[in-house]
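# Observations on the three-dimensional arrangement
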Amino acid sequence: AILSLGIAQAQSPELSAPPAIDGEVVGDHGSHTIRMGFGLSEGSPQYLSSRYFADILEQRSEGRLTVQVFPNSQLGDDVQMMEMLQTGTLDMTYPSSSAATSYVSELAVFDLPFLLPSREAAIEVLQSEAAQSMLDAFEGSGIKALTFSENGYRQLSNSARPVASPEDVAGLDVRGLTVRTMENPVHLAIWEALGANPTPMAFGELFSAMEQGVVDGQENPWSTILTSNFQEVQDYGSETRHVYTPFVMMMSERTWDRLHPDYQALVQEAARQSAAYEIQISAEYDDWAREQLEERGMQITRLDDAQIAAFQEAVQPVYEEWAPEIGEELIAEIQQIAASVADD
Ligand code: TF8
């Protein structure tokens, strides 16, 4: 009877199980309920790793620390939830770094197109001292940044036409694609350079904007496209990998300050462990998601090196405009870390 309801049950990918929870139980320093909101839906790597984070806290505090998870932008978008952290009306959130550049401007380095050539390089960067100083730089903002994890390589999808070149984005005889971007100036510059009409918009409004034809397309990792059912309103995908976006797991400084130092240490450790798990399943999920999208009818265009190079060339003006702002030295440092992996 349940099957006849006609609700398509999404098949699940085969994901690694979370590592067993070990480590000592932390002493009794009172009970806290921690509310965590974020943008993606149940089933996303972000959601699954948040559950793991909750399990670690719960087990190692013998149930004194509990985490309530609110997915699907139900408490607000990335920007709004960070503001809620500052005022203390929400305990935790998990935005894209791109949404947080108004707090820590250095984070915009991650918005530069084609900066991180491989996941291995990206992960090395996320674990670097340079990345740790970006987390530390939140101090005093009302937000305690705990760890980076992976949103992933962003890919273009749209409802108008297959895209294999910047010309396909800009349109020759037809108008340029209207592409939703995050509310981030570097992303706006990227899509302007490609000849699109970039339209910044909160993620939670995106599905209906595409459904109603307000925008032609958007760009996000395959896993996000699938877990958000964008394939229902987007016929075409292109494997552009134009930006690698990290997530930042963060807590309200007010909540942090209320926690006993032993609880703080536990929260920090659980954040790192769940981020490591998220990074692992994010890759597994993303590969699977691309296949699933094709199975569900999305026409995905893979781009060869020459085609990617054409995109890279078209977005060069973004570096000219933004590198001085973000810091030439920081960019060089990140590129060097990335290159050290490529050379291995
Ligand atoms: C975006 C981001 C989002 C995430 C999440 C929904 O496109 O990539 O998918 O930050 O909060 O807005």
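Residues numbered from 1 in each chain as written. Predicted model: local features only at pLDDT ≥ 70, side-chain atom pairs only at ≥ 80, totals over all residues. Heavy atoms only, no water.

### Observations concerning the overall build of the chain
Here is the rule: Numbering goes from the N terminus for both helices and strands, where a helix is a DSSP run of H or I of at least four residues and a strand is a run of E of at least two. Radius of gyration: C-alpha atoms only; globule rule: 2.2 Å multiplied by the number of residues to the exponent 0.38. Working definition: with a 1.4 Å probe on protein chains only, accessible area under 20% of the residue-type maximum means buried, over 50% means exposed, and in between means partly exposed. Contacts are assigned to residue pairs with any non-hydrogen atoms lying within 4.5 Å of each other. The Shrake-Rupley method, run with a 1.4 Å probe sphere, supplies the accessible areas, and residue values consider only the shown protein chains as cover. As used throughout, the charge tally considers Lys and Arg to be positive and Asp and Glu to be negative, leaving His and the chain termini uncounted. One atom stands in for each charge, and that atom is NZ of Lys, CZ of Arg, CG of Asp or CD of Glu.
Assigned secondary structure in the chain consists of 13 helices and 11 strands. Scaling as 2.2 N^0.38, a compact globule of 344 residues should have a C-alpha radius of gyration of about 20 Å, and the chain matches this with 20 Å. Dimensions along the principal axes, computed over C-alpha positions, put the chain at roughly 70 × 60 × 40 Å. The buried share of the chain, reckoned over its 344 residues, is 56%. Counting contacts in the chain only where the partners sit at least 6 residues apart, residues at least 24 apart contribute 77% of the total. Element-wise, carbon and sulfur atoms account for 46% of the exposed surface of the chain, whose accessible area totals about 15000 Å². Mean positive and mean negative side-chain charge positions of the chain (17 and 54 charges, respectively) differ by 7 Å.

### Remarks on the nonpolar core
Nonpolar side chains in soluble globular proteins generally cluster together in the buried interior. Note the threshold: The nonpolar core is taken to be a set of buried Ala, Val, Leu, Ile, Met, Phe, Trp, Tyr and Cys residues, with the residues joined through side-chain atoms within 4.5 Å. Each domain's limits were defined by an automated method or a database of domain assignments.
Residues Val109, Leu112 and Leu116 are the most contacted members of the largest nonpolar core, which totals 60 residues. Per element, the largest residue contribution to this core is six residues, and it comes from helix H13 (residues 328–342). Taken domain by domain, this core gets at least three of its residues from each of domain 1 (32–150 + 245–289) and domain 2 (155–243 + 291–342). The residues touching Val109, leaving out its near neighbours within four places in the chain, are Leu115, Met134, Ile326, Leu330, Ile331 and Ile334. Ranked by size, the runner-up nonpolar core spans 46 residues in total, among them Tyr52, Ala54, Phe247 and Ile300.

### Points about the pairing of strand S1 (residues 32–37)
Selection criterion: Only strands that DSSP links by at least two bridges are regarded as paired with each other. A crossover counts as right-handed when, viewed with the strands pointing away from the observer, the path leading from the first strand over the helix to the second turns clockwise.
Across six bridges, the pairing between S1 and strand S2 (residues 65–70) is parallel. Paired with Met36 across the two strands is Val69, which belongs to S2. In this fold, S1 hands off to helix H1 (residues 45–60), which returns the chain to S2; that crossover is right-handed. Summarising the sheet, S1 and strand S3 (residues 92–93) pair through two bridges and their orientation is parallel. Counted as the bridge partner of Gly37 is Thr93 from S3.

### Focus: the packing of aromatic side chains
To be explicit about the condition: Here is the rule: rings of Phe, Tyr and Trp (six-membered ring for Trp) pair when centre to centre is within 6.5 Å. Planes less than 30 degrees apart are stacked, more than 60 are edge-to-face, and the remainder are tilted.
Scanning the model with the defined rule gives 10 aromatic pairs in all. Note on Phe38 and Tyr94: the rings are 6.4 Å apart at their centroids and 90° apart in plane angle, and the pair reads as edge-to-face. Placement of the pair is Phe38 in the loop between S1 and H1 and Tyr94 in the loop between S3 and helix H3 (119–126), with a sequence separation of 56 residues. Taken individually, Phe38 and Tyr94 each receive the classification buried, so the pair is uniform in this respect. Taken together, a centroid distance of 5.1 Å and an interplanar angle of 70° make the contact between Tyr153 and Tyr244 edge-to-face. In this pair, Tyr153 is assigned in strand S4 (residues 143–153) and Tyr244 in strand S10 (residues 244–252), connecting sequence segments 91 residues apart. The structure contains a cluster of three or more aromatic residues connected by ring pairs, namely Phe38, Tyr47, Tyr94 and Phe247.

### Let's talk about the sheet that holds S3
Heads up, the rule is: Where helices are involved, their axes are fitted lines through C-alpha atoms of the stretch in contact, as for all axes, and angles between N-to-C directions lie from 0 to 180°.
In spatial order, the strands read S2-S1-S3-S10-S4; together these five strands make up an open sheet with mixed pairing. Both outer strands of the open sheet, S2 and S4, are each paired with one neighbouring strand and no more. Sitting on the sheet, helix H4 (residues 129–136) touches S4 and S10, and the angle it makes with S4 is about 130°.

### Re the domain arrangement of the chain
So the rule is basically this: Take the accessible area each of two parts loses on contact, using a 1.4 Å probe, and add the two losses: that sum is the buried area. Just to be clear on terms, a salt bridge is a Lys or Arg side-chain nitrogen sitting within 4 Å of an Asp or Glu carboxyl oxygen. Counted as a polar contact is a pair of N or O atoms within 3.5 Å, where, for protein atoms, one must be capable of donating a hydrogen and the other of accepting one, and residues adjacent in sequence contribute only when both atoms are in side chains.
Along its sequence, the chain is carved into domain 1 (32–150 + 245–289) and domain 2 (155–243 + 291–342). Computed over C-alpha atoms, the centres of domain 1 and domain 2 are 23 Å apart. With 35 residues of domain 1 at the contact, the number on the domain 2 side is 38 residues. Roughly 3200 Å² is buried in total at the junction of domain 1 and domain 2, and carbon and sulfur atoms are behind 69% of that figure. At the junction of domain 1 with domain 2, the criterion picks out zero salt bridges. Between the two partners, domain 1 and domain 2, sit 15 residue pairs in polar contact (both at pLDDT 80 or more).

### Quick look at the side chain of Asn158
Tracing the backbone through its elements, the reader meets Asn158 in strand S5 (residues 155–158). What makes Asn158 buried here is its relative accessible area of 1%. Engagement of the side chain of Asn158 in a polar contact is seen with the backbone oxygen of Arg161, the distance being 2.8 Å. Those residues in contact with Asn158 that lie beyond four places of it in its chain are Val163, Leu177, Asp216, Gly217, Gln234, Asp235 and Tyr236.

### What about the site of the ligand?
The following threshold applies: Proximity is defined per residue: if any heavy atom of the residue lies within 4 Å of a molecule or strand, that residue is considered near it. Three categories are distinguished: nonpolar for Ala, Val, Leu, Ile, Met, Phe, Trp, Tyr, Cys and Pro, charged for Asp, Glu, Lys and Arg, and polar for the others, with Gly belonging to the last.
All residues in the neighbourhood of the ligand are listed as Gly39, Leu40, Asp78, Ser96, Asn151, Arg154, Arg180, Met182, Phe203, Asn220 and Phe247. A distance of 3.0 Å separates an oxygen atom of the ligand from a polar atom in the side chain of Asn151. Asn220 is positioned such that a nitrogen or oxygen atom in its side chain is 2.7 Å from an oxygen atom of the ligand. Here the ligand, which alone exposes 320 Å², has 98% of that area covered by the protein. By residue class, the composition of the shell around the ligand is four nonpolar, four polar and three charged.

### Points about the pattern of salt bridges
If you walk through the whole model with that rule in mind, you get eight salt bridges. Two residues, Glu269 and Arg60, come together in a salt bridge whose shortest N-O distance is 3.4 Å. Placement of the pair is Glu269 in helix H10 (residues 261–295) and Arg60 in helix H1, with a sequence separation of 209 residues. The shortest N-O distance in the salt bridge between Arg64 and Glu62 comes to 3.9 Å. For Glu62, a relative accessible area of 56% puts it in the exposed group. Within this structure, Asp28, Glu62 and Arg64 form a network of salt bridges that share partners.

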